[in-house]
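Results of the structural survey
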Amino acid sequence: MHTPGRLIAIEGGEGVGKSTQAALLACTIGAVLSREPGGSPIAERIRDLLLDHSLGTPAPRAELYLMLAARAEHLSVLIEPALAVGRHVVVDRFVGSTLAYQGYGRGLPVDEVRRACDLASGGRWPDLCILLDIPRDLAERRRAAQQAQLPGVSPDRIEAEEPEFHRRVNEGFRTLASDDSGRWVVLDGSAPPPQVAAAVLGAVRARLGIEGFL
Ligand code: TMP
């Protein structure tokens, strides 16, 4: 699908610094910044439902299709209109997270998840997926530090999954990136944030020819 604007997804497991890097990149290239699940009023309501502990864990396919319902809405309300008028869009998570979490993490067949993603997004895939990868112990330390800064805020339902789930998710991300290296770039997220930001911008420039304002 070709539109004048380009869609860039920042992906990775918990505690890799995605949100910081997505915000820095959007600011540097003048893109619209959004996140998933969420990014529109209805999609944010679905996010609340998805991440709420009090309801227990939904069936894996229910979780998948709620993620996809939020995405279809987000695409229709925010992403596609922005791309159509030539704005670039940076999303903090997109289809890579669905493949990694609902496919590799929950154990749904990855090909089924891929087909469902394609249907829900009307064939829209990111022009570039940037995977921020960091060693597991550093991710754990960052998550603990974030929790300490926000006392009383408990991890969301998916974040609170057992370590083995997160190990499968992280391995899934690495597999996705190595199987589709034309769409994915893997960057070391353990460097200081300004260094990671420079690497992210370098990848966007090299792969998409988009220059930053800085
Ligand atoms: P966030 O904390 O990075 O905003 O993401 C919320 C959670 O949603 C995170 O644990 C990853 C999860 N997630 C999925 O399981 N599948 C998806 O398709 C997306 C976009 C997020």
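Residues numbered from 1 in each chain as written. Predicted model: local features only at pLDDT ≥ 70, side-chain atom pairs only at ≥ 80, totals over all residues. Heavy atoms only, no water.

1. A look at the nonpolar core
Definition in use: For our purposes a nonpolar core is just a set of buried Ala, Val, Leu, Ile, Met, Phe, Trp, Tyr and Cys residues, chained together by side-chain atoms within 4.5 Å. Only protein chains enter the accessibility calculation, which uses a 1.4 Å probe; a residue is then buried when its area is under 20% of its type maximum, exposed when over 50%, and partly exposed in between. Comment: elements are numbered from the N terminus, with helices defined as DSSP H or I runs of at least four residues and strands as E runs of at least two. Residue contacts are counted whenever heavy atoms from the two residues lie within 4.5 Å of one another.
Counting 37 residues, the largest nonpolar core has Ile79, Val89, Phe94 and Phe173 as the members making the most contacts within it. Listed by contribution, the elements that provide at least two residues to this core are β1 (7–11), α2 (41–51), α3 (60–84), β3 (89–92), α4 (95–105), α5 (110–120), β4 (128–133) and α7 (163–179). Broken down by element, this core gets its largest block of residues, 8 residues, from α3. Apart from the residues within four sequence positions on either side, Ile79 is in contact with Leu7, His74, Val89, Val91 and Phe94. The next biggest cluster of nonpolar side chains, apart from the first, holds 25 residues, and it includes Ile130, Leu132, Leu138 and Ala191.

2. Quick notes on the site of the ligand
The line we're drawing: Proximity is defined per residue: any heavy atom of the residue falling within 4 Å of a molecule or strand makes that residue near it. Two N or O atoms form a polar contact when they lie within 3.5 Å of each other; inside protein one atom must be a possible hydrogen donor and the other a possible acceptor, and for residues adjacent in sequence the pair counts only when both atoms belong to side chains. Values of accessible area rely on a 1.4 Å probe in the Shrake-Rupley scheme; residue burial ignores everything except the protein chains shown. Residues are sorted three ways: Asp, Glu, Lys and Arg are charged, Ala, Val, Leu, Ile, Met, Phe, Trp, Tyr, Cys and Pro are nonpolar, and all the rest, Gly among them, are polar.
Taken together, 16 residues sit near the ligand, with Glu14, Arg47, Arg93, Thr98 and Gln102 positioned nearest. The contact in question runs from an oxygen atom of the ligand to an N or O atom on the side chain of Glu14, over 2.7 Å. Thr98 has a polar side-chain atom sitting 2.7 Å from an oxygen atom of the ligand. Contact with the protein chains hides 93% of the accessible area of the ligand, taken as 480 Å² for the molecule alone. Contributions of two or more residues to the shell around the ligand are made by α2, α3 and α4. A total of 4 residues in the shell around the ligand trace back to one element, the largest contributor, which is α4. Of the residues contributing to the shell around the ligand, the split by class is 5 nonpolar, 3 polar and 8 charged.

3. As for the pairing of strand β2 (residues 32–35)
For clarity, the cut-off: Two strands are said to pair when DSSP picks up at least two bridges between them.
Of the two faces of β2, only one is covered, namely that formed by Val32 and Ser34; the face formed by Leu33 and Arg35 stays uncovered. Direction of pairing for β2 relative to β3: parallel, over a ladder of 4 bridges. If you follow Ser34 over to β3, its bridge partner there is Val91.

4. Things to note about the packing of helix α1 (residues 18–29) against helix α8 (residues 193–208)
Operational definition: Geometry is summarised by axes, namely lines fitted to C-alpha atoms with helices restricted to the contacting stretch, and by angles between N-to-C directions that run from 0 to 180 degrees. To sort the angles, those under 35 degrees are grouped as roughly parallel, those over 145 as roughly antiparallel, those from 65 to 115 as roughly perpendicular, and the leftovers as oblique. Left-handed is the label given to a crossing in which the near helix is rotated counterclockwise from the far helix by less than a right angle, and right-handed is the label when the rotation is clockwise.
Running from N to C, α1 and α8 point in directions that differ by 55 degrees, and their axes come no closer than 10 Å. If you check the angle between α1 and α8, you find them oblique. Where α1 crosses over α8, the two elements pack in a sense that is right-handed. When α1 is examined against α8, the residues Gln21, Leu24, Leu25, Thr28 and Ile29 are found in contact with a partner set consisting of Pro193, Val196, Ala197, Val200, Leu201 and Val204.

5. Remarks on the environment of Val186
Relative to the assigned elements, Val186 resides in strand β5 (residues 184–188). In contact with Val186, other than residues within four places in its own chain, are Leu131, Asp133 and Ala177.

6. Digging into the sheet that holds β4
The 5 strands are arranged β2-β3-β1-β4-β5 in an open sheet whose pairing can be described as parallel. Edge positions in the sheet fall to β2 and β5, since each has one partner strand and no second. The average undirected angle you get between the axes of adjacent strands in this sheet is 20 degrees. When β4 meets β5, the two strands line up parallel, connected through 5 bridges.

7. Focus: the side chain of Ser97
By the secondary structure assignment, Ser97 is in helix α4. Of note is the side chain of Ser97, whose polar atom sits 2.5 Å from the side chain of Glu11. The residues touching Ser97, leaving out its near neighbours within four places in the chain, are Glu11, Gln102 and Phe173.

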